[in-house]
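Secondary and tertiary structure notes
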Amino acid sequence: MELRVLGACPLDCPDTCSWVVTVKDGEAVGLRGNRDHPYTRGALCVKVNRYLEHTKAADRILYPLKRVGPKGAGEFVRISWDEALDTIAGRLTSIIDEFGGEAIWPYQGTGTLGYIQGETGEAGRRFWNVLGASRHDLNICSRAGNVGLRYTNGTPAGMDPETMARSRLILLWGTNTLTSGHHLWKFVQDARADGAYVVAIDPIRTRTAEQADEHLPIRPGTDGALALGLLHVVLEEGAEDRDYLAEHTLGWAEFREEILKYPPSRVAELTGLPEADIRALGVRLAHTRPTAIRATMGIQRHRGGGAAMRVIACIPGVTGDWRYPGGGTAYSTSAHVPLAVNPRYDLLPRPVRTLTMTRLADQLDESVKCLWVYAANPMGSTPDQNRIRERLLREDLFTVVMEQFPTDTVDYADIVLPATMQIEHTDLHAGYGHMYLMWNEPAVPPPGECLSTTETFRRLARHLGLTEPSLYDSDLDLAEQLLAGTPTINLDQLRKDGWARLDVADPFVPFTEGFPTPSGKLEFVSAPAEADGLPRVATYVPSRTAARPSTRLTLITPASHTFLNTIFANNPELLRRSKDPVVLVHPIDAAARGLTSGTLARVVNATGEVTANIEISDKVRPGVAAMAKGRWLKLTPGGANVNALVEEADADMGRGATYHDNWVEITPA
Ligand SMILES: Nc1nc2c(c(=O)[nH]1)N[C@H]1C(S)=C(S)[C@@H](COP(=O)(O)OP(=O)(O)OC[C@H]3O[C@@H](n4cnc5c(=O)[nH]c(N)nc54)[C@H](O)[C@@H]3O)O[C@H]1N2
Ligand SMILES: Nc1nc2c(c(=O)[nH]1)N[C@H]1C(S)=C(S)[C@@H](COP(=O)(O)OP(=O)(O)OC[C@H]3O[C@@H](n4cnc5c(=O)[nH]c(N)nc54)[C@H](O)[C@@H]3O)O[C@H]1N2
Ligand code: SF4
Ligand SMILES: [Mo]
């Protein structure tokens, strides 16, 4: 008998595809996109087309393991769940008795974005709160931008990307649509069919930039200056929307003064773009309504990244684009999602410290006795790999990793707990690039002895004899609690259909009733920013690499086309397609260093070193080197990935990571 089971892609991607699993005689035999879904419309992506194969991969972890070799060697033997739970209960209890609950760091990552099993619902947090464990600030991905947008708009949420089909000018700004969330492209193409003009702003001529009408190869970290320069031209054209400015914005006089400091000639020097191109785009922006700005996470992985998002968000305040469907800025839709998550911080026995995801190398010191990693792969994804490795080698650190695959992080675990994959557990999702909720029904039973995150924490709680009732809520209980935030969507219907649109108008235009800022307006000047020690008026803040020695190259480390962070980087076919690691260098920089395409090079800085094949190409602008994120260290020649070169440095807001804001030297190997 054949069954079709509706589910959703759990990965950290804005699209959160709706999918259909075909199950035959209890086995999943097919996985494809759900054609009925209005946003994702039946296509998955090059990575997730292999998800089913990945669930059956030979290297999948199927049983609890305990370490038998030295830390880092990855030598384990199979143990029973009982032994695993006993060991864990014993260690946690003695750590709490001797050092207090704060000595535990529950390090949760973005392996799944589920509201039941994943980080968006803070899965496991109730358990940690009962134990009094340290809090974990999951700021690694988008925090600087979230904070920057909040100063301007009161929320990181913006346009419904679907409305971009109505835009007349689309700026794809620091975002690689065709790689990192390609379903938006359909809406971009619809807009183009109606005459829209599409501009990509990216230091790399990405596959998205190749497809755009125009590509501006901006110097990394200078987007804030470009935003001000474009607005300078809007003012020269007399195209500011004076009614909108008067009614819906705060601090125009002050912000106008700031704009006037950035004439296109100065912005050309800062951004490395031709003055004529800045002017031309400024004129387009001045006279094209609605204009959509799709600016995602790439821009804010810099020291000035929060400031850049803050000032980019000011653009529609000047042009009045928030008046129209298809106008405004689109970063993430998450903050529009009203799911009622309650991680129960009230259960904490006493106030506890917060540890910071981006600061693992710094903060994993003697005060941490247990590191509990779940849905994360810090050895591959977190800055300053070499220092993290040293920290993980500490003998008295008790490390538990809940995983599906034997990642580089798993190699340092004392205990490994086998985790389910998406077709094997229940979850509730929302896209961060669209306005739909998605249901994921388990299609098949877990293989081996894999358990979901929620079930693992329920068993642990029982093993520890914890009596707090909410630790035992079932997955469906949790779903009901989450949906209490969306009265128009009921669980039975959602399970039947697989998806539901949030209760918003179609087309959805945010901020028509005002902005959730202190003034209720779009804030060019922000008292909260000032109180946080930041400039009162939105402006440009230079990156770390603005001060780099002129002989060095700025390193940017964006999404790989074939992996999702480090997920799939052990899939043989995707690994084959992505070839050996490559560092992209401009011909001028290659010539200056005697580099030849196809040869091996050492990429080095004060933080670390990696080896990579040289690819000489004018796809990167001069002065910039690019290497994709996501490789597994043990499957990479040299045993390091690009995060060996990423310094543990803070962005200007929210301690976000500065993944695209480092400098390197490159020499022939
Ligand atoms: N295939 C694939 N898809 C993914 C991911 C993946 O690993 N692989 N990761 C997922 C995750 S976790 C996230 S958060 C998103 C991230 O996806 P994006 O938001 O697209 O972020 P990045 O890939 O970091 O960077 C996007 C683009 O910004 C450019 N960029 C870097 N610095 C600057 C700058 O200073 N200014 C400008 N204008 N551009 C700059 C980069 O060259 C890159 O092309 O994608 C998700 N989708
Ligand atoms: N150089 C550089 N580094 C980057 C970035 C960059 O732009 N440049 N981008 C950053 C970004 S945007 C992000 S979001 C972070 C991501 O960093 P992490 O959150 O560490 O994500 P991943 O490396 O994908 O590791 C996720 C792990 O979770 C596992 N997993 C998946 N689903 C589940 C599950 O249901 N349960 C359990 N227990 N495990 C599961 C996967 O097998 C995988 O090993 O990486 C960052 N790293
Ligand atoms: S990674 Fe993104 S595009 Fe690919 S299937 Fe998942 S949600 Fe869809
Ligand atoms: Mo991310």
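Residues numbered from 1 in each chain as written. Chains lettered and ligands numbered in written order. Predicted model: local features only at pLDDT ≥ 70, side-chain atom pairs only at ≥ 80, totals over all residues. Heavy atoms only, no water.

What follows covers the domain arrangement of the chain. What the domain assignment lists for the chain is domain 1 (2-55), domain 2 (65-140 + 343-490), domain 3 (144-331 + 508-531) and domain 4 (547-668). On a C-alpha basis, the centres of domain 1 and domain 3 stand 33 Å from each other. Taken together, the contact between domain 1 and domain 3 spans 12 residues of the former and 11 residues of the latter. Here domain 1 and domain 3 share an interface that buries about 820 Å² over both sides, 53% of which is from carbon and sulfur atoms. It is Asp15, Tyr39 and Arg41 in domain 1 that bury the most area against domain 3; as a group they hold 60% of the surface buried on that side. For the pair domain 1 and domain 3, the interface holds zero salt bridges. Joining domain 1 to domain 3, the criterion identifies six residue pairs in polar contact (both at pLDDT 80 or more). Grouping the amino acids of the side of domain 1 that touches domain 3 by side-chain chemistry returns eight nonpolar, one polar and three charged. (Domains from an automatic or database assignment. Contact = heavy atoms within 4.5 Å. Buried area = accessible area lost by both parts, 1.4 Å probe. Salt bridge = Lys/Arg side-chain N within 4 Å of Asp/Glu carboxyl O. Polar contact = N/O pair within 3.5 Å; in protein donor to acceptor, adjacent residues only side chain to side chain. Nonpolar A, V, L, I, M, F, W, Y, C, P; charged D, E, K, R; others polar.)

Of the two faces of strand β24 (residues 600-604), only the one carrying Ala601 and Val603 is buried; Leu600, Arg602 and Val604 on the other face are not. By the bridge criterion, four bridges tie β24 to strand β27 (residues 662-668) in an arrangement that is antiparallel. Note that in β27 the partner of Val603 across the bridge is Ile666. (Buried < 20%, exposed > 50% of the residue type's maximum accessible area, 1.4 Å probe, protein only. Helix = DSSP H or I, 4+ residues; strand = E, 2+ residues; numbered from the N terminus. Pairing = 2+ DSSP bridges.)

Turning our eyes to something else, we now look at the site of ligand 2. In the vicinity of ligand 2 there are 31 residues, among which Thr110, Ser381, Glu403, Thr566 and Asn643 approach most closely. Measuring from an oxygen atom of ligand 2, one finds a backbone N or O atom of Thr110 at 2.8 Å. Take Asn377: an N or O atom from its main chain is 2.8 Å from an oxygen atom of ligand 2. With the chains in place, 97% of the 930 Å² that ligand 2 exposes on its own is no longer accessible. Residue contributions to the shell around ligand 2 reach at least three from each of two domains, namely domain 2 (65-140 + 343-490) and domain 4 (547-668). (Near = heavy atom within 4 Å. Areas by Shrake-Rupley, 256 points an atom, 1.4 Å probe, with all protein chains shown as cover.)

Moving on, we get to the site of ligand 3. Near ligand 3 you find Cys9, Cys13, Asp15, Thr16, Cys17, Leu44, Cys45, Lys47, Val48 and His183, and these make up its full shell. A per-class count over the shell around ligand 3 returns six nonpolar, two polar and two charged.

Structurally, Asp414 is set in the loop between β16 (398-403) and β17 (415-418). At 2.9 Å, the side chain of Asp414 and the side chain of Arg67 are in polar contact. Here the side chain of Asp414 touches Lys71 through a polar contact of 3.2 Å, side chain to side chain. Apart from residues no more than four positions distant in its own chain, Asp414 is found in contact with Leu65, Lys66, Arg67, Lys71, Leu397, Phe398 and Thr399.

The next thing to look at is the environment of Met402. Residue position: Met402 is located in strand β16. A relative accessible area of 5% places Met402 in the buried class. Once the C-alpha coordinates of Met402 and Gln108 are considered, the two residues, 294 residues apart in sequence, prove to be 9.9 Å apart. When sequence neighbours within four positions are dropped, the list of residues in contact with Met402 reads Trp372, Val373, Tyr374, Ala375, Leu417, Ala419, Thr453, Thr456 and Phe457.

Opposite charge on two side chains permits pairing when their charged atoms draw close. Tallied over the full model, the rule gives 48 salt bridges. The partner of Lys71 in a salt bridge is Asp414, and the shortest N-O contact between them spans 3.2 Å. You can see Lys71 sitting in the loop between β4 (65-67) and β5 (76-78) and its partner Asp414 sitting in the loop between β16 and β17, a full 343 residues away along the chain. For the pair formed by Lys71 and Asp414, the shared burial category is buried. Shared partners join several salt bridges into a network, and the residues in it are Arg359, Asp362, Asp384, Arg387, Glu648, Asp650 and Arg655.

Our next topic: the sheet that holds strand β20 (residues 499-501). A sheet is described by the order of its strands in space; here three strands give the open sequence β18-β19-β20, paired in antiparallel fashion. The open sheet has two edge strands with one neighbour each: β18 (427-430) and β20. The average undirected angle you get between the axes of adjacent strands in this sheet is 15°. Where β18 meets strand β19 (residues 436-440), four bridges bridge the pair, whose relative direction is antiparallel. (Axes fitted to C-alpha atoms, helices over the stretch in contact; angles between N-to-C directions.)

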